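These are the residues of each chain, in order.
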Amino acid sequence: MIRPAPRQRAPGFGRTGKPVPANALARLEAELTSLAGSTVELERPKDAARGDYATSVALKSAPASGRNPRELAEELAARVVSLAAIERVEVAGPGFLNLYVSDAFLGEALAEIDPSYGGGSAERPERIQVEMVSANPTGPITVASGRNGALGDSVARLLEFAGHEVEREYYYNDAGAQMDRFRASVEAIRRGEEPPEDGYHGAYVVELAREEGDPVPRMLEQIEATMERFRIRFDSWARQSGLEGELDAILATLPTYEHDGARFVRSTQFGDEKDRVLVRSAAKGGAPTYEAADIAYLRDKLDRGYGRAIYVLGADHHGVAGWFAVIALMLGFDPARVEVLLYQLVHLTRGGQVTKISKRRGDVVFLDELMDEAGVDFARWFLVDRGHDQSIEIDVDLAAERSRKNPVYYVQYVHARASGIFREAPSGAILEPRPTRALEPEERELVKRLAEFPAVVAEATERRGPHAIPVYAIRLADDFHRFYHRHLVLASKGGEDQPFRLALVAATRVVIARCLDLVGVEAPERM
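Just so you know, these numbers come straight off a predicted model, no measurement behind them. (Residues numbered from 1 in each chain as written. Predicted model: local features only at pLDDT ≥ 70, side-chain atom pairs only at ≥ 80, totals over all residues. Heavy atoms only, no water.)

Undergrad: Sorry, what's going on with the overall build of the protein chain here?
TA: Of the regular secondary structure elements, the protein chain holds 18 helices and 16 strands. Residues classed as buried in the protein chain amount to 51% of the 527 residues present. Partitioning the intrachain contacts of the protein chain with sequence separation of at least 6 by distance along the chain shows that 68% fall at a separation of at least 24. In the structure as shown, the protein chain presents an accessible area of about 24,900 Å², 48% of it carried by carbon and sulfur atoms. (Helix = DSSP H or I, 4+ residues; strand = E, 2+ residues; numbered from the N terminus. Buried < 20%, exposed > 50% of the residue type's maximum accessible area, 1.4 Å probe, protein only. Contact = heavy atoms within 4.5 Å. Areas by Shrake-Rupley, 256 points an atom, 1.4 Å probe, with all protein chains shown as cover.)

Here is the structure:
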């Protein structure tokens, strides 16, 4: 049994009675802001010789006061050095402040790290729905839709970690022309004929044709199984057919008009670029349009009590993104309650060349096939490690690499190595996050990296940018591997270094595990 040394927790409230930021770095920024009379945001210089942290607050605030920035920086430096966390301060260039923090401050930062570290950043927790994937049940989930799921689920995980109540929903179109073509394609195969030219092709259609009955329920079962394998568990599944029955009552509340036999809504009154067709003319089938279904679906979402509705859509929906804000206005809701995340394309490469690994169709890659080839961890990581506004190129060859070249393996190995250290640690070993001697450079750098995590995860949540988590995790892995290779953690007979270094390893394991979980990747105990 490894026992952490007793330690005092930082107080939860300051002298004003207001909540104190939950981590040491945020508290230091708050103290500096109070001294400077202007917001201080600390940055880490690339070269540690130029300080542990730096701020340009004097440069930014000098114009408003009519002061010389360097003189202002020197005055501020004289005040800042009085803080317990600051060991020394240097004024650099035209007015930068380079701050060197004490080992005691780093020990305080390390002592805060537990499984909840970095969480609870939501100032006003909301009930949020994230609707993702939502591919029509006309075929297996593709890699492109897999990116939708990886992005949406990671955003949902971030929001949950921040303290929001999050529900995941899959919306599928189980009615309309596409579904008719899908069913007709399966029926054609059953009759021994080729599917219609505008129908669906591929080995999966042949497989469905071997079974009797409606192919849609079977396709839905396969989609749900793929999502479960991909580590996405949906709280609800919405059907377009179930919402169409509400459409007439909704249209009666909207400003609509007839033109050329079709029914339009006056959406331009609400900022839309054009009025939209909601019901096609009889000559064109008389069926409701996708825009009409969008109205019914958004009202259904917000009527269910969600404070915020997030849609995850492919880049081909760019023209639709603003439509949801218009719908909200037409229905009398605040458009700020609706968000749309658009993601770009995915390309697979092998040997530097674009490739297709599908065995069932030549023009598409199914997500199950990528998971078969590369593994779930690899797929989850690589489908979220770029900003959703950037296209992704996945090198399938990397999946076989068990080295630093494969970032998933490289980061997971930190967790496995840290877990191995604790398997080898003597029973009753003490963890002491507060150092009893001067810290080594690699120890300082690792603690500083760990202290960044709350700000990194809070910004990733606010920006709906989960790609920041893999970027941070790789940097943390770099720092941990440098520390591990240069310093002995477990002494043969204990020793003064072991308690602190065990605490450092334990904190790293906690943060790495959280990073991996936020992007849907497992944290292995052994590799």
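Anyway, onward from the coordinates.
Undergrad: Honestly, the packing of aromatic side chains in this entry has me stumped. Any pointers?
TA: The description of an aromatic ring pair uses the distance of the two centres, along with the angle that the planes make with each other. Enumeration according to the criterion identifies 16 aromatic pairs in this entry. Relative to Tyr 200, the ring of Phe 182 lies with its centre 5.9 Å away and its plane at 90 degrees, an arrangement referred to as edge-to-face. Here Phe 182 is found in helix H6 (residues 177-190), whereas its partner Tyr 200 is found in the loop between H6 and helix H7 (203-209), with 18 residues between them in sequence. Phe 182 gets classed as buried once you look at its relative accessible area, which sits at 0%. Look at Tyr 200 and you get buried, because its relative accessible area is 14%. (Phe/Tyr/Trp six-rings, centres within 6.5 Å; stacked < 30°, edge-to-face > 60°.)

Undergrad: Help me understand the packing of helix H15 (residues 407-424) against helix H17 (residues 468-486) in this model?
TA: A pair of packed helices can be characterised by two numbers: the angle between their axes and the separation between those axes. In the contact formed by H15 and H17, the axes pass within 9 Å of each other and the chain directions differ by 45 degrees. One element, H15, and the other, H17, form an angle in the oblique class. The way H15 lies across H17 gives a crossing that is left-handed. Taking contact as the criterion, the partners of Pro 407, Tyr 410, Val 411, Tyr 413, Val 414, Arg 417 and Ile 421 in H15 are, on H17, Ala 473, Ile 474, Ala 477, Asp 478, Phe 480, His 481, Tyr 484 and His 485. (Axes fitted to C-alpha atoms, helices over the stretch in contact; angles between N-to-C directions. Parallel < 35°, antiparallel > 145°, perpendicular 65-115°, else oblique. Left-handed = near helix turned anticlockwise from the far one by under 90°.)

Undergrad: Can you walk me through H6 in this structure?
TA: The end-to-end C-alpha distance of H6 is 20 Å, a good match for the 20 Å that 14 residues give at a rise of 1.5 Å each. For H6, the full list of buried residues reads Met 179, Phe 182, Ser 185, Val 186 and Ala 188. Contacts made by the buried residues of H6 are with H7 and helix H8 (215-229). Just past H6, the residue Gly 192 takes up positive phi, approximately 80 degrees. (Expected span 1.5 Å × (residues − 1).)

Undergrad: Sorry, what's going on with the environment of Pro 137 here?
TA: Tracing the sequence through the fold places Pro 137 in the loop between strand E5 (127-131) and helix H5 (143-162). A residue is classified by how much of its surface remains accessible, and Pro 137, at 0% relative accessible area, is buried. In sequence terms Pro 137 and Met 179 are 42 residues apart; their C-alpha atoms lie 7.9 Å from each other. With residues near it in sequence (within four places) discarded, Pro 137 still touches Tyr 172, Asn 173, Met 179, Phe 182, Val 216, Met 219, Leu 220 and Ile 223.

Undergrad: Just checking my understanding: could you explain the side chain of Glu 169 for this structure?
TA: Along the chain, Glu 169 falls in strand E6 (residues 165-172). Only 2.6 Å separates the side chain of Glu 169 from the side chain of Tyr 297, close enough to count as a polar contact. When near neighbours in sequence (up to four residues on either side) are disregarded, Glu 169 contacts Gln 129, Val 130, Glu 131, Met 132, Phe 234, Ser 236, Ala 238, Tyr 297 and Arg 304. (Polar contact = N/O pair within 3.5 Å; in protein donor to acceptor, adjacent residues only side chain to side chain.)

Undergrad: For this particular structure, what's the right way to read the sheet that holds strand E13 (residues 346-350)?
TA: With mixed pairing, the 3 strands of this open sheet are ordered in space as E14-E13-E15. Of all the strands in the sheet, the pair left with one neighbour each is strand E14 (353-354) and strand E15 (392-395). With 2 bridges connecting them, E13 and E14 associate as antiparallel partners. By the bridge assignment, Arg 350 is partnered in E14 with Gln 353. (Pairing = 2+ DSSP bridges.)

Undergrad: Looking at this structure, how should I read the side chain of Arg 147?
TA: Note that Arg 147 resides in helix H5. An unpaired buried charge is present at Arg 147: no salt bridge exists, and Asp 389, the closest side chain of opposite charge, is 6.5 Å distant. Reaching out from Arg 147, the side chain makes a polar contact with the backbone oxygen of Gln 390 at a distance of 2.7 Å. Not counting residues within four places of it along the chain, the set of residues in contact with Arg 147 comprises Tyr 343, Gln 344, Leu 345, Val 346, Leu 383, Arg 386, Gly 387, His 388, Gln 390, Ser 391 and Ile 392. (Lys, Arg positive; Asp, Glu negative; His and termini not counted. Salt bridge = Lys/Arg side-chain N within 4 Å of Asp/Glu carboxyl O.)

Undergrad: Explanation requested: the pattern of salt bridges in the structure shown.
TA: One side chain can pair with another of opposite charge once the charged atoms of both are near each other. Evaluation of the coordinates by the stated rule reveals 51 salt bridges. The partner of Arg 157 in a salt bridge is Asp 517, and the shortest N-O contact between them spans 3.3 Å. Of this pair, Arg 157 sits in helix H5 while Asp 517 is found in helix H18 (residues 497-518), placing the two residues 360 residues apart along the sequence. Owing to a relative accessible area of 16%, Arg 157 belongs among the buried residues under this scheme. A single salt-bridge network, built from bridges that share partners, covers Arg 44, Asp 52, Asp 103, Arg 444, Glu 445, Lys 448, Arg 449, Glu 452, Asp 479 and Arg 482.

Undergrad: Any chance you could explain the environment of Leu 439 here in plain terms?
TA: Summarising the element assignment, Leu 439 is placed in the loop between strand E16 (430-431) and helix H16 (441-462). With near-sequence residues (within four places) excluded, Leu 439 lies in contact with Asp 103, Leu 106, Arg 444 and Phe 500.

Undergrad: How should the environment of Val 326 be read in this particular structure?
TA: Relative to the elements of secondary structure, Val 326 occurs in helix H12 (residues 321-330). With 254 residues separating them along the chain, Val 326 and Leu 72 place their C-alpha atoms 49 Å apart. Sequence-distant contacts of Val 326, that is, excluding residues within four places in its chain, are made with Ser 267, Phe 270, Gly 271 and Asp 272.

Undergrad: What is the right way to look at the pairing of E6 in this model?
TA: On any regular strand, side chains alternate: one points to one face of the sheet, the next to the other face. Of all 8 residues making up E6, 7 are buried, and the element is well covered by its neighbours. With 5 bridges joining them, E5 and E6 adopt parallel strand pairing. Residue pairing across strands places Val 130 opposite Arg 168, the latter belonging to E6. The parallel pair E5 and E6, bridged by H5, forms a crossover whose chirality is right-handed. (Right-handed = clockwise from strand over helix to strand, strands pointing away.)

Undergrad: Any chance you could explain H16 here in plain terms?
TA: The terminal C-alpha atoms of H16, which comprises 22 residues, lie 32 Å apart, in line with the 32 Å expected from a rise of 1.5 Å per residue. Among the 22 residues that make up H16, 16 are buried, leaving the element largely enclosed by the rest of the structure. Of the residues one or two after H16, Arg 464 is the one with positive phi, at around 55 degrees.

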